[in-house]
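Survey of secondary and tertiary structure
Here is how the chains run, residue by residue.
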Amino acid sequence: MIKRNNKSKENNPFYDPTLKSRHRSSKRFKKFTLTSLIFSIAFLVFFLYDIISKGTPAFEQAYVSVPVTYNEKTIKNTRKAIDRKYLRVVSRAWLREIPRQVKEDPSLMGKTVNKWALADDQVDQYLKGHYYKLKRKDRALIDDMKAHGAVELKFNTIFFTNGDSKIPEFAGLNSAIIGSIFTLIITMLFAFPIGVMTAIYLEEFADDNKFTQTIEVNINNLAAIPSILFGLLGLAIFINLFGLPRSSPLVGGLTLALMTLPIIIVSSRAALRAVPDSIRQAGYGLGLTKIEVTRDHVLPLAFPGILTGSIIGLAQAMGETAPLIIIGMIAFIPDAPSTVTQAATVMPAQLFTWAGMPERMYIEKTAAGIMVLLTVLISLNALAIYLRKKFEVKW
Amino acid sequence: MSNKNSIKIDVNELNLWYGEHHALHNITVPLYENKITALIGPSGCGKSTFLRCLNRMNDLISSVKIDGSVVIDKKNIYDKDVDEVSVRKRVGMVFQQPNPFPKSIYDNVSYAPLKHGQVKKGKDCNELVERSLVDAGLWDEVKDKLNEPGTSLSGGQQQRLCIARTIAVKPEIILMDEPTSALDPISTEKIEALMLELKKKYSIITVTHNMQQAARVADYTAFFHLGKLIEYDETEVIFVNPSNKKTEDYITGRFG
Amino acid sequence: MLKPYEENINKIKSEVYEIGQSVIQSNKIALSALKENDMSMMKDISLSISKISDKSNEIDNLIVKTLALYSPEAKDLRLMVAYLKITNEVVRVAANARLFSKQFKKSFTNDLNKKDILEYTIPLLKSANEALILAVEMTKIDDEATLEQHYHKVCVEEDKTDDLYAMVSKNLLKLMTKKQELSKDYFEIMSSLRRLEKVADRAASIANLLLFAEVGGELEQS
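The following refers to the structure shown.

Reading the values: the criteria
- Residues numbered from 1 in each chain as written.
- Chains lettered and ligands numbered in written order.
- Predicted model: local features only at pLDDT ≥ 70, side-chain atom pairs only at ≥ 80, totals over all residues.
- Helix = DSSP H or I, 4+ residues; strand = E, 2+ residues; numbered from the N terminus.
- Rg over C-alpha atoms; globule rule 2.2 N^0.38 Å.
- Buried ≥ 20, exposed ≤ 12 C-beta atoms within 10 Å, placed from the backbone.
- Contact = placed C-beta atoms within 7 Å.
- Axes fitted to C-alpha atoms, helices over the stretch in contact; angles between N-to-C directions.
- Parallel < 35°, antiparallel > 145°, perpendicular 65-115°, else oblique.
- Left-handed = near helix turned anticlockwise from the far one by under 90°.
- Nonpolar A, V, L, I, M, F, W, Y, C, P; charged D, E, K, R; others polar.
- Expected span 1.5 Å × (residues − 1).
- Pairing = 2+ DSSP bridges.
- Core = buried A, V, L, I, M, F, W, Y, C linked by C-beta atoms within 7 Å.

1. Overview of the overall build of chain A
- Helix and strand content of chain A: 16 helices and three strands.
- Computed over C-alpha atoms, the radius of gyration of chain A comes to 30 Å, more than 25% over the 21 Å expected from 2.2 N^0.38 for 395 residues, which places it beyond the range of a compact globule.
- Projected onto its principal axes, the C-alpha positions of chain A cover 90 × 75 × 35 Å.
- Taking all 395 residues of chain A together, the buried fraction comes to 38%.
- Sequence separation of at least 24 residues holds for 75% of the intrachain contacts in chain A that already meet a minimum separation of 6.

Here is the structure:
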């Protein structure tokens, strides 16, 4: 900071008495703006801290080492495969898997092996220090097993490999991720070409009259409509009128495409407008036709902007929940869809469902899901910035 | 004025309106072949508008209405059966701001001729590119970097690239809209020397804010004021013995 | 520098050199006539003042055109202005040279003391022409040092003509007092010789202007 020594009037031709209060008010303003920035950052930090602290435990899952008996009887009635005292600490879902384990490894037949079994969700929560519903007996058993090293927290691959489940410890984000991917592919497949072509027509070919101005105003308004209305639109047109399968990525993608279209059109138009007119003038001056000028000279220059706008639109669509709820993608979907016409769910919808489940474990799964969603969104935005920088033509 | 020159563009009673505003009033002027004609005048006098009438670039603006004739090779280019795109192939244009396409130097020059079907890709095209760059006085500086983007050149080089691009299409007439206003004095001088060379093969019409430039390079000078053509004569006459007082006031700086 | 501009400058220089040369040539013929003491040789002098005047106008208009079209600055501007003044000087030099040869031929009758007159006239004409030759030569020189040398030499020749003219007028006055009936003729001879002194003055003026063009400074009447 430069010290201002404007104090003396003598031999200082630059002395200006009004400067003191002007500098002061300038400093005040700077403090205001800095304070606002600090507030925003504080909220962001608080939010991130909350999510991360709630979600990180979900990436570890409790496993217990128990002896498992594999024989004809236990395969039919898996509850018999382990000792009674373990029944409440081992996950039911894991027990269901026993026949498949034998199928994969027939040498297990007739043996009793110590296996790392997925622990029940209450055990997991107990170990993580959260609210639990374990009986004292079971708690004592777990503590004992822990002392003997028979209890471990391993990395939670189930979160990424499994679909939704009513059994908390067995629930994962996989089917929602696949559903999101399918939905977004459909969205982009429809929204991108239609949006860009519309923008090109409006910007390069259409005359500037009342009609096109009305269209422009309407497109801008469409971008601001509450997204749930698009859900109703999708319900009415795609499901009722066209009879497409409800809750499928196809319908979800088409609905989101309608929603993303205005955004793509607006950002593509801006990108096209940003191309200096001198390029077009040069093209016309050489005796080129409109299509030659637009396709070969204007579009390549506008492309980074169009791409950025589209990726941002895509990122926004990825986080949309309301319209998809209306068209039914909120159902319980344990398996990932294999085609676009099968019932599916998307990540935000899955998180909405989990947030409403009673079991304690779902809280950390929801938070972990939010972290995954945020990571994807940030990556998409980073991709947008990278692609923009890569394709930007230097002037 | 000597009449042994042949007329390349014969403009007769040309009027232009931007919507309601009458921008050009009854312009009649013969523009001669293989000569440089300069259009001078204060800002807003219509000289750029007039220039753009000569290759129908004003057609791109929807509010423009044009009356009168611009005859090139005995055909009025504003006749209904004349395609404006074909006019622009014969009447090329160089703009005030150098505006090379964001492509390589080679592509900048070759794009339009390929599209017009004047050359095929390969040896013919390479020869055309080289010849155009030689004629524009740029070949030596770029012959080793034809694949670099056109925008990597300096301002003066970019403008010469635009000139090369324009002459690659083999026009007969080149229109220049203040081609050196955005350049430094040395680049300006290079372009002026280039214009003197080019006039051997082409007819050049140039708009310039800089009277001294018109004095240096032009054979004929036309003085415009408020959309009217005030005086048109050999440059030497305009700058030593102008007939019209308005012309003299402008040239001597007594305007306004 | 644009080609037409450069061509104009070279044309101006060479045209001035040409008209200077035509005066120098006629002076050389006069000099040989004096040396042979054969005044009839003087009729070989074909110095046409009107032609030189026309050429001078042509050069002046070319200078005006070049000033209008090419806005010369610095050395080029000084050059244009210098040559504009030099054309006048050359026309005056030509007039003076012509008058000298005409008057001298007419007045150089056998009654006069031809030996004495020629004794001074020949060196006077020689010096005057030498000054002119050096001055005109300067149009082709670029080197500053050489130009200064030439200028000094011109000044030397001009001084010589001043001295020579002073001496010859003294002697002619003496001859006039001796034979008063011939004083008119001697007077005519004296005024024709005065023309030669003027030629040298003009040559010095031309040299001064050419030095100003190359070296700079301010215009001065020399």
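Here the narrative resumes, following the displayed structure.
2. Quick word on the overall build of chain C
- A tally of regular secondary structure across chain C gives six helices and zero strands.
- Along its sequence from the N terminus, chain C presents helices and strands in the succession α-α-α-α-α-α.
- Compactness check: chain C gives a C-alpha radius of gyration of 19 Å against a globular reference of 17 Å for 222 residues, within 12% of the reference.
- Split into buried and exposed, the 222 residues of chain C put 38% on the buried side.

3. Quick notes on the packing of helix α6 (residues 155–168) of chain B against helix α7 (residues 185–198) of chain B
Residue and element names in this part refer to chain B.
- Closest axis-to-axis distance for the α6/α7 pair is 9 Å, and the angle between their directions is 20°. Between α6 and α7, the crossing angle belongs to the class labelled roughly parallel. Between α6 and α7 lies a crossing whose hand is right-handed. Taken together, the residues of α7 that come into contact with α6 (itself represented by Gly155, Gly156, Gln159, Arg160 and Ile163) are Ser187, Lys190, Ile191 and Leu194.
- Across the contact of α6 with α7, the residue classes tally to three nonpolar, four polar and two charged.

4. Considering the interface of chain C and chain B
- Taken together, the contacts link eight residues of chain C with 10 residues of chain B.
- Counting residues per element, the side of chain C that touches chain B draws most heavily on helix α2 (residues 49–70) of chain C, at five residues.
- Here the residues of the side of chain C that touches chain B are counted per class, giving five nonpolar, one polar and two charged.

5. Description of helix α1 (residues 19–55) of chain A
- In this model, α1 of chain A (37 residues) spans 53 Å end to end at C-alpha, consistent with the 54 Å of a helix rising 1.5 Å per residue.
- Of all the 37 residues making up α1 of chain A, one are buried; the element is thus mostly uncovered.

6. Side note on the sheet that holds strand β1 (residues 7–18) of chain B
Residue and element names in this part refer to chain B.
- The sheet built from four strands is open, its strands ordered β2-β1-β4-β5 with antiparallel pairing. Each of the sheet's edge strands pairs with one partner strand only, and the pair in question is β2 (21–32) and β5 (75–76).
- As paired strands, β1 and β2 are joined by eight bridges and run antiparallel to one another. Note on β2: the bridge partner recorded for Asp10 is Pro30.

7. Section: the nonpolar core
- By size, the foremost hydrophobic cluster in this structure holds 74 residues, and its most contacted members are Leu39, Leu54, Val70, Ala164, Leu175 and Ile204 of chain B.
- When near neighbours in sequence (up to four residues on either side) are disregarded, Leu175 of chain B contacts Leu51, Leu54, Asn55, Val91, Gly92, Met93 and Ile205 of chain B.
- Core analysis: the second largest hydrophobic core is formed by 60 residues, Ile263, Tyr362, Ala368 and Leu373 of chain A among them.

8. Overview of helix α3 (residues 105–116) of chain B
Residue and element names in this part refer to chain B.
- Inspection of α3 places Ile105, Asn108, Val109, Ser110, Tyr111, Ala112 and Pro113 among the buried residues, and these make up the whole buried set.
- Next to the buried residues of α3 lie α4 (123–135), α5 (139–142) and α6.
- Count one or two residues on from α3 and you reach Gly117, which has phi positive near 75°.

9. A look at the interface of chain A and chain B
- Each partner contributes to the interface: chain A provides 18 residues, whereas chain B provides 20 residues.
- Among the elements that line the side of chain A that touches chain B, the one with the most residues is helix α12 (residues 277–285) of chain A, at six residues.

10. Examining the sheet that holds strand β9 (residues 220–225) of chain B
Residue and element names in this part refer to chain B.
- Pairing within the open sheet is mixed, and its six strands lie in the order β6-β7-β8-β3-β9-β10. Single-partner strands in this sheet number two, and they are β6 (91–94) and β10 (228–234). Between one strand axis and the next, the sheet turns through 20° on average, direction left out of account.
- When β6 meets strand β7 (residues 173–177), the two strands line up parallel, connected through four bridges. Bridged to Val94 within β7 is Met176.

11. Comments concerning the pairing of β9 of chain B
Residue and element names in this part refer to chain B.
- β9 sits mainly inside the fold: six of its six residues count as buried.
- Residue alternation in β9 divides its side chains into two sets, Tyr220, Ala222 and Phe224 and Thr221, Phe223 and His225, and both sets are buried.
- As paired strands, strand β3 (residues 36–40) and β9 are joined by four bridges and run parallel to one another. Bridge assignment links Ile40 to a residue of β9, and that residue is Phe223.

12. Some words on the arrangement of the chains
- Looking at the two pairs of chains with contacts, the pair that accumulates the most is chains A and B.
- The closest approach of any C-alpha atom in chain A to one in chain C is 28 Å; the two make no contact.

13. Observations concerning unusual backbone geometry
- A positive phi angle, close to 50°, is found at Asn34 of chain B, a residue other than glycine.
- In this structure, Asn34 of chain B sits in the loop between β2 and β3.
- Backbone geometry at Ala74 of chain C places phi at a positive 50°, although glycine is not the residue there.
- Within the secondary structure, Ala74 of chain C sits in helix α3 (residues 74–107).
- Residue classification places Ala74 of chain C among the exposed residues on the basis of 8 C-beta atoms within 10 Å.

14. Looking at the packing of α3 of chain B against α4 of chain B
Residues and elements named next belong to chain B.
- α4 packs onto α3 with a crossing angle of 115° between their chain directions and a minimal axis gap of 10 Å. Crossing hand, α3 versus α4: right-handed. Counted together, Tyr106, Val109, Ser110, Pro113 and Leu114 of α3 and Cys125, Leu128, Val129, Ser132 and Leu133 of α4 form the full contact between these two elements.
- Here the residues of the contact of α3 with α4 sort into eight nonpolar, two polar and no charged.

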